[in-house]
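Overview (structure and organization)
Here are the chains, one letter per residue:
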Amino acid sequence: MEKLLEIKNLKVQYNTDEAVVYALNDFSLDLNKGEILGVVGETGAGKTTMALSIMKLLPEHVAEVTGGNITYNGQDVFKMSKKELRALRGAEISMIFQDPMTSLNPVMTVGDQINEVLKIHHPDMSKQTRAEKVAEILTLVGIPPERGAQFPHQFSGGMKQRVVIAMALVAEPNLLLADEPTTALDVTIQAQILMLMKELQKKFGTSMILITHDLGIVAEFCENVAVVYGGEVIERGSVEQVFARTKNHPYTDSLFKCIPDLTTDATRLTPIPGFVLDSRTAPVGCPFAERCQKATERCVQVKPSIHYVEDGHYIKCHLYENEVGK
Ligand code: SF4
């Protein structure tokens, strides 16, 4: 499989007046061409920082990369010139945010906004071809092309997110980063939007990272999954391997226990004991140690390394140090 993206030992911290927040700690992740990867974890785990790092969109002056690197198609993202970065954003990598209004301009018609994306990334494209492409992508996302003359406020939440998807895909990027793209929508619309993204992903052969806190969405829409905790990937494998629930990181195990089971009383949900990791202290040992029921003194002192428990499935936990997978 050909690698599209490689994140190696990335360390990102936010330096604020009050404290230093360690957002990513030795964060490593690979993505193959055409792969759909679900990145799952609680709020504050580092998922969005990961996405912003890939696009080199971390807030300047506050965010500091203190180690590691990101390679996209063999090129070091942190060493790219402004021109190369402009080409990377939009034409190569597109991002869909949770709130569609983050990406939409309220005073411009949606057709013009999609047209702008084409103008930036394909300056040589004729006006006629651009107009055809806008109509084509609107149709593909289920919006009648004539609605291209309308403004964002004339669209419902779900329809706005369709416009955002159209903008993200019109330049046919190789990688789509979707950060909780359906969280703001109601459940029925959520499913429609995710199906649409999957169909378009297949049509264009786009690789996709779907950031979510919802394991159900991962099971339904992704091939592979990376579980993030305390700013690092603590488990990675195919959806079959991770969801088989035979070998999991104790944190992934807790996530599974939190899923409401429709056959049981919803009041019997098992919350994960303890608090989400305080990312204001420099990480030592296992990031999950404070909440883990299987933690030992060693877990507090020594950071676990990656242990492959089966082909392509690894877990960062001392419990699996005698496993011999690859
Ligand atoms: Fe729990 Fe220790 Fe494994 Fe961390 S390394 S998940 S604390 S058993």
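Here's a quick rundown of the structure. Since the model is a prediction, treat every value here as computed from it, not as a measurement.

Let us look at the overall build of the chain. The helix and strand inventory of the chain stands at 10 helices and 12 strands. Radius of gyration (C-alpha) of the chain: 21 Å, near the 20 Å computed for a compact globule of 326 residues. For the chain, the proportion of contacts with a sequence separation of at least 24, taken over those separated by at least 6, is 64%. By element, 53% of the accessible surface of the chain is carried by carbon and sulfur atoms, the whole surface being about 16,100 Å². Side chains of the chain carry 33 positive and 41 negative charges; the gap between the two charge centres is 3 Å.

For the rest of this paragraph, the subject is the sheet that holds strand β4 (residues 63-72). Strands sit in the order β2-β1-β4-β5 across an open sheet of 4 strands; the sheet is antiparallel. In this open sheet, the two edge strands, each paired with only one partner strand, are β2 (20-32) and β5 (75-76). Strand direction decides the pairing type here: strand β1 (residues 3-15) and β4, joined by 8 bridges, are antiparallel. The residue of β4 that forms the bridge with E6 is T71.

Moving on, we get to the sheet that holds strand β9 (residues 224-229). Reading across the sheet, the 8 strands line up as β6-β7-β8-β3-β9-β10-β12-β11 and stay open at both edges, with mixed pairing between neighbours. The open sheet has two edge strands with one neighbour each: β6 (93-96) and β11 (306-310). Adjacent strand axes in the sheet meet at a mean angle of 20° when their direction is disregarded. Strand direction decides the pairing type here: β6 and strand β7 (residues 175-179), joined by 4 bridges, are parallel. Note that in β7 the partner of I93 across the bridge is L175. Relative to strand β8 (residues 207-212), helix α1 (residues 47-54) is tilted by about 150°, and along the sheet it contacts β3 (36-40), β6, β7, β8 and β9.

What follows is about the packing of aromatic side chains. Taken as a whole, this structure holds 5 aromatic pairs when the rule is applied. Note on Y251 and F288: the rings are 5.3 Å apart at their centroids and 70° apart in plane angle, and the pair reads as edge-to-face. Of this pair, Y251 sits in helix α9 (residues 250-258) while F288 sits in the loop between α9 and α10 (297-301), and the two are 37 residues apart along the sequence. Lying across the ring of F155, R147 places its NZ or CZ 4.1 Å from the centre.

The next thing to look at is the pattern of salt bridges. Using the criterion set out here, one finds 12 salt bridges in the structure. E172 serves as the salt-bridge partner of K133, at 4.0 Å between the closest nitrogen and oxygen. Here K133, found in helix α4 (residues 127-140), pairs with E172, found in the loop between α5 (157-169) and β7; they are 39 residues apart in sequence, far enough to count as distant. Between R298 and E321 there is a salt bridge; the shortest N-O distance is 3.0 Å.

Moving on to unusual backbone geometry. Positive phi, normally seen in glycine, also occurs at E172, with a value near 50°. Its identity is not glycine, yet E180 carries a phi of approximately 45°, on the positive side. Relative to the helices and strands, E180 resides in the loop between β7 and α6 (187-204).

A few words on the side chain of H249. One can find H249 in the loop between α8 (239-243) and α9. Looking at H249, the relative accessible area reads 1%, which means it is buried. A distance of 2.9 Å separates a polar side-chain atom of H249 from the backbone nitrogen of Y251. Apart from the residues within four sequence positions on either side, H249 is in contact with I234, E235, F288, I315, K316 and C317.

Along α1, 7 of the 8 residues are buried, which leaves the element largely enclosed by surrounding structure. Within α1 the residues assigned to the buried category are K47, T49, M50, A51, L52, S53 and I54. Just downstream of α1, K56 is the residue with a positive phi angle, here 50°.

Right, let's get into the packing of α5 against α6. The interhelical angle for the contact between α5 and α6, taken along N-to-C directions, is 15°, at an axis separation of 10 Å. Considered as vectors, α5 and α6 are oriented roughly parallel to each other. Along this stretch, α5 crosses α6, giving a crossing that reads as right-handed. In this structure, α5 contributes G158, Q161, R162, I165 and L169 to the contact, and α6 contributes I189, Q192, I193, L196, M197, L200 and F204. Its residues placed into classes, the contact of α5 with α6 shows 8 nonpolar, 3 polar and 1 charged.

Turning our attention to the site of the ligand. Around the ligand lies a shell formed by H249, P250, C286, A289, C292, K294, A295, C299, P304, C317, H318 and L319. Of the residues contributing to the shell around the ligand, the split by class is 9 nonpolar, 2 polar and 1 charged.

Analysis parameters
- Residues numbered from 1 in each chain as written.
- Predicted model: local features only at pLDDT ≥ 70, side-chain atom pairs only at ≥ 80, totals over all residues.
- Heavy atoms only, no water.
- Helix = DSSP H or I, 4+ residues; strand = E, 2+ residues; numbered from the N terminus.
- Rg over C-alpha atoms; globule rule 2.2 N^0.38 Å.
- Contact = heavy atoms within 4.5 Å.
- Areas by Shrake-Rupley, 256 points an atom, 1.4 Å probe, with all protein chains shown as cover.
- Lys, Arg positive; Asp, Glu negative; His and termini not counted.
- Charge placed at Lys NZ, Arg CZ, Asp CG, Glu CD.
- Pairing = 2+ DSSP bridges.
- Axes fitted to C-alpha atoms, helices over the stretch in contact; angles between N-to-C directions.
- Phe/Tyr/Trp six-rings, centres within 6.5 Å; stacked < 30°, edge-to-face > 60°.
- Lys NZ or Arg CZ within 6 Å of the ring centre and 35° of its normal.
- Salt bridge = Lys/Arg side-chain N within 4 Å of Asp/Glu carboxyl O.
- Buried < 20%, exposed > 50% of the residue type's maximum accessible area, 1.4 Å probe, protein only.
- Polar contact = N/O pair within 3.5 Å; in protein donor to acceptor, adjacent residues only side chain to side chain.
- Parallel < 35°, antiparallel > 145°, perpendicular 65-115°, else oblique.
- Left-handed = near helix turned anticlockwise from the far one by under 90°.
- Nonpolar A, V, L, I, M, F, W, Y, C, P; charged D, E, K, R; others polar.
- Near = heavy atom within 4 Å.

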